[in-house]
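The residues making up each chain are set out below.
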Amino acid sequence: KYSGELQKRTELPKEKFSHLFERLTIHIQLVDDPEIALFMEAAKTIVLDPKDAPYAACALAVNADIWTHNPRDFRSQRIKCMATEALHQLLYPR
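If you're wondering where the values come from, they're calculated on a predicted model, not measured in any experiment. (Residues numbered from 1 in each chain as written. Predicted model: local features only at pLDDT ≥ 70, side-chain atom pairs only at ≥ 80, totals over all residues. Heavy atoms only, no water.)

Visitor: Could you clarify how one ought to interpret the nonpolar core in this entry?
Guide: Across soluble globular proteins, nonpolar side chains show a tendency to be buried alongside one another. With 16 residues, the main nonpolar core has Ala-43, Ile-46, Val-47, Ala-56, Ile-66, Phe-74 and Ile-79 as its most contacted residues. Those elements giving two or more residues to this core turn out to be α4 (40-44) and α5 (53-62). Sorting elements by how many residues they give to this core places α5 first, with six residues. The residues touching Val-47, leaving out its near neighbours within four places in the chain, are Asp-52, Ala-53, Ala-56, Asp-73, Phe-74 and Arg-75. (Core = buried A, V, L, I, M, F, W, Y, C linked by side-chain atoms within 4.5 Å. Buried < 20%, exposed > 50% of the residue type's maximum accessible area, 1.4 Å probe, protein only. Helix = DSSP H or I, 4+ residues; strand = E, 2+ residues; numbered from the N terminus. Contact = heavy atoms within 4.5 Å.)

Structure, rendered in C-alpha cells:
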C-alpha cells in the first residue's frame, strides 16, 4: 500500500528499492496489539517522538531491529535502529 512512499523516502532507484523490499518482506513478523501494549510504557521512555512509541514497543516485543529514516529518534541499547544505507549494506555486503 505504501511502497511508493517508502521508495521515495529511501531515495533509492525504483529497481533497487523493489529488490530491497522483496528481501525485507520475507523477514516481516506481524505482532498483535495486546503484545505491543505490554511494551508501550518502556517504549515511551526511549523515543523522542511519542508517535514512534508503537514502533519501539513492537521492536521490544519481538526483539527486532528498526529501519527508520532517523535512527537518532530512538534512544535505546535494546533496539538496533538503522538508516536505509545501513540496512542496504547489511543486506548487500560488498
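Visitor: I tried to follow unusual backbone geometry on my own but got confused; where do I start?
Guide: Trans is the common state for peptide bonds, and a negative phi is the common state for residues other than glycine. Of note in the backbone geometry, Asn-63 takes a positive phi value of approximately 55 degrees without being a glycine. Relative to the helices and strands, Asn-63 resides in the loop between α5 and β1 (66-67). For Asn-63, a relative accessible area of 67% gives the class exposed.

Visitor: Quick question: what am I supposed to make of the pattern of salt bridges here?
Guide: Any two side chains of opposite charge can pair, given that their charged atoms come close. Under the criterion given, the structure shown has one salt bridge. Salt-bridge contacts for Glu-41 lead to Lys-44; the nearest nitrogen and oxygen are separated by 3.4 Å. One end of the pair, Glu-41, and the other, Lys-44, are both in helix α4, three residues apart, so they sit about a helical turn from each other. Since its relative accessible area comes to 57%, Glu-41 is described here as exposed. (Salt bridge = Lys/Arg side-chain N within 4 Å of Asp/Glu carboxyl O.)

Visitor: Would you mind going over the environment of Leu-87 with me for this structure?
Guide: In this fold, Leu-87 is placed in helix α6 (residues 84-91). Residue Leu-87 is classed as buried on the basis of its relative accessible area, which comes to 7%. For Leu-87 and Glu-35, which are 52 residues apart along the polypeptide, the C-alpha to C-alpha distance reads 26 Å.

Visitor: Honestly, the packing of helix α2 (residues 14-25) against α6 in this entry has me stumped. Any pointers?
Guide: Geometrically, a packed helix pair is captured by the angle between its two axes and the distance between the axes. As a packed pair, α2 and α6 sit with axes 11 Å apart at the nearest point and diverge in direction by 70 degrees. When the axes of α2 and α6 are compared, the pair comes out roughly perpendicular. Residues Lys-16, Leu-20, Arg-23 and Leu-24 of α2 lie in contact with α6, whose contacting residues are Leu-87, His-88 and Leu-91. (Axes fitted to C-alpha atoms, helices over the stretch in contact; angles between N-to-C directions. Parallel < 35°, antiparallel > 145°, perpendicular 65-115°, else oblique.)

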